[in-house]
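This is what each chain is made of:
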Amino acid sequence: MRARVAGLLSWIVATVSLCACSSGFVPPDILRSPRGGGFQVTPVSAMITDCREPRTARTPTKIRIQYFGTSTLFISDGVTHLMVDAFLTRPSKAALLGPVEPDVAKISRVLRTAGIGCLDAILVSHSHFDHALDSGAAALITGAAIHGSTSTENLLYGQGFGDARFERLDVSREFAVGAFSVQAIPTPHSEREFARGDIQAPPTRPIYAWDMRTGASYSFRISHPSAIVLVVPGARVDMEEQVAMKCADVTFLGIARLGMQSKADTRTLWDRWVTHPHASLVGPVHWDDFSQPLAPTLEPLPFPIDRMDVTSERLEKLARHDDVGVVFLRPFRVYELVSSSEKTGCR
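Think of each chain on its own: its residues are numbered from 1, step by step along the sequence as written. This being a predicted model, a pLDDT of at least 70 is required before a residue's local features are given, and a value of 80 or more before pairs of side-chain atoms are given or counted; all residues contribute to the totals for chains, interfaces and linings. To obtain the side-chain values, all non-hydrogen atoms of the structure were used and water was disregarded.

Some points on the packing of aromatic side chains
Alright, step 1. Side-chain rings of Phe, Tyr and Trp (the six-membered ring for Trp) are treated as a pair once their centres are within 6.5 Å; stacked means planes under 30 degrees apart, edge-to-face means over 60, and tilted covers the remaining angles. Applying the stated criterion to the full structure yields 5 aromatic pairs.
Alright, step 2. Ring centres of F87 and F129 lie 5.8 Å apart, and the angle between their planes is 85°; on these two criteria the pair is classed as edge-to-face. Residue F87 is located in the loop between β5 (81-84) and α2 (104-114), and its partner F129 is located in helix α3 (residues 129-132); the two are separated by 42 residues in the primary sequence. The exposure classification of F87 matches that of F129, with both residues buried.
Alright, step 3. Here the aromatic rings of W287 and F328 are separated by 5.5 Å at their centres, their planes lie at 90°, and the arrangement is edge-to-face. Remark: F328 occurs in the loop between β15 (325-327) and β16 (334-339) and W287 occurs in the loop between β14 (281-285) and α7 (308-322); sequence separation between them is 41 residues. Considered together, W287 and F328 belong to a single accessibility category, that of buried residues.
Alright, step 4. Three or more aromatic residues joined by ring pairs make a cluster, and in this case those are F87, F129 and F290. Helix numbering and strand numbering both begin at the N terminus, where a helix is a DSSP run of H or I of at least 4 residues and a strand a DSSP run of E of at least 2. The cut-offs for exposure are 20% and 50% of the maximum accessible area for each residue type, with area from a 1.4 Å probe on protein chains only; residues under the lower value are buried, those over the upper are exposed, and the others partly exposed.

Regarding the pattern of salt bridges
Alright, step 1. Criterion for a salt bridge: a side-chain nitrogen of Lys or Arg within 4 Å of a carboxyl oxygen of Asp or Glu. Summed over the entire model, instances satisfying the criterion amount to 15 salt bridges.
Alright, step 2. A salt bridge links E336 to R64; the nearest nitrogen and oxygen atoms lie 2.8 Å apart. Residue E336 is located in strand β16, and its partner R64 is located in strand β3 (residues 64-67); the two are separated by 272 residues in the primary sequence.
Alright, step 3. Using a relative accessible area of 13% as the deciding quantity, one classes E336 as buried.
Alright, step 4. The exposure class assigned to R64 is buried, which follows from its relative accessible area of 17%.
Alright, step 5. A salt bridge links E153 to R168, with the nearest nitrogen and oxygen atoms 2.6 Å apart. One end of the pair, E153, is in helix α5 (residues 150-159); the other, R168, is in strand β8 (residues 166-168), and 15 residues separate them in sequence.
Alright, step 6. E153 gets classed as buried once you look at its relative accessible area, which sits at 19%.
Alright, step 7. Connected via shared salt-bridge partners are D29, R330 and R333.

Brief notes about the packing of helix α6 (residues 263-275) against α7
When two helices pack together, you describe them by how their axes are tilted relative to each other and by the distance separating the axes.
Alright, step 1. Note on geometry: axes are C-alpha line fits, over the in-contact stretch for helices, and angles between N-to-C directions span 0 to 180 degrees. In contact at an axis separation of 11 Å, α6 and α7 are set at 50° when each is read in the N-to-C sense. With respect to α7, the axis of α6 lies oblique. The way α6 lies across α7 gives a crossing that is right-handed. Across the interface between the two elements, K263, T266, R267, W270 and T275 of α6 pack against R314, L315, L318, A319, H321 and D322 of α7.
Alright, step 2. Tallied by class, the residues present in the contact of α6 with α7 amount to 4 nonpolar, 3 polar and 4 charged. Here is the rule for angles: anything less than 35 degrees is roughly parallel, anything more than 145 is roughly antiparallel, 65 through 115 is roughly perpendicular, and the remaining ranges are oblique. Crossing chirality is assigned from the near helix's rotation relative to the far helix, an anticlockwise turn below a right angle marking it left-handed and a clockwise turn marking it right-handed. Residues are treated as being in contact if the distance between any of their heavy atoms lies within 4.5 Å. When residues are sorted by character, Ala, Val, Leu, Ile, Met, Phe, Trp, Tyr, Cys and Pro go into the nonpolar class, Asp, Glu, Lys and Arg into the charged class, and all the rest, Gly among them, into the polar class.

What to know about the pairing of strand β4 (residues 73-76)
Alright, step 1. Burial of the side chains of β4 extends over both faces: L73 and I75 are buried on one face and F74 and S76 on the other.
Alright, step 2. Pairing between β3 and β4: 4 bridges, direction antiparallel. Its bridge partner being in β4, I65 is matched across the sheet by I75.
Alright, step 3. Strand pairing is assigned whenever DSSP detects at least two bridges linking the two strands. Connecting the antiparallel pair β3 and β4 is a turn made up of 5 residues, with G69 showing a positive phi of about 80°.

Here we look at the packing of α2 against helix α4 (residues 135-142)
Alright, step 1. Contact geometry for α2 and α4: axes closest at 10 Å, N-to-C directions at 55°. Accordingly, the angle class assigned to the pair α2 and α4 is oblique. Judged by the twist between their axes, the crossing of α2 over α4 is right-handed. For the pair formed by α2 and α4, the contact residues are V104, I107, S108 and L111 on the first element and A137, A138, I141 and T142 on the second.
Alright, step 2. Along the lines of polarity and charge, the residues of the contact of α2 with α4 split into 6 nonpolar, 2 polar and no charged.

Quick word on the sheet that holds β5
Alright, step 1. The strand order across the open sheet formed by 8 strands is β2-β16-β3-β4-β5-β6-β7-β8, and the pairing between neighbours is mixed. Only two strands of the sheet have a single neighbouring strand rather than two, namely β2 (39-44) and β8. Pairwise comparison of adjacent strand axes, ignoring direction, gives a mean angle of 25° for this sheet.
Alright, step 2. Here 3 bridges tie strand β6 (residues 121-123) to strand β7 (residues 145-148), and the two strands are oriented parallel to one another. Residue pairing in the sheet places A121 in a bridge with A145 of β7.
Alright, step 3. Packed on one face of the sheet, α5 meets β7 and β8 and runs near 155° to β8.

Describing the environment of E316
Alright, step 1. With respect to the element layout, E316 can be found in helix α7.
Alright, step 2. Beyond its immediate chain neighbours, meaning those up to four positions away, E316 contacts L31 and R32.

Written out as structure tokens, the structure is:
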């Protein structure tokens, strides 16, 4: 009970902070143009994933990406369809003070608008509500298998989605989903998390945001013959263990609250997840105010939660120094990962 009360108090403080004034700064689509010979994202026509077609009838493509705010990414090669951190309900500030449940109608509407008829896998980075809330509902709508931690599994049972297909992540091995190979990388959650610890048993309803504790936390290295993508929803700057980082062509980097941290911390995060893997392109994620409805233009987290103007300035300088492109993806647009060179950092 004491832990639950502490969680409630910290969550109230966090929610009240979300009501603070926005800086009014919205990052540009292209913060820095991708370098020649590296990867870039090219907008393409809307993609319809019709799962009534057998796999053999689907048309293979290069990797295509859609972004839905926070760290929710749809990744497809035209045949196999993945989603990282299915979070589409986006409860309002007022709703976050009460029980939170997946809004099945809203999830279905967003997926339908995006042309996503099915998913093969949903990868859950950790069990906070803004990453795991909608996993069970999205899986039942799309037929996906969910890959996550024990805490995520317990959350699913508590929500009533115990019959969803679930695979527990094993950091010691990669697993295949179609032509994709997925590696889960242990990644301690970023600083000042509000709901620490594990979900040790299925929570009983009503379930509140502060009941959705972190559990094990992961980044994902997603390999495909056309590109290697690293998805880092959030990471501690002061990670005790150095990740033995393999190369990646593109890094989707969680930058929540980075504007409130030091320049040195920003550099450390960048080096670990961009410089060391030799990524040629960065797509910032988890920078938006996730209590706002999903829209083509997202609003940044407000001050004093974050300073998006400060973060953007730092990222632009780091990208210029390392000759790396930085692109902010817009919700619902479909982007294709392409390279002007056959030989990249991972080839």
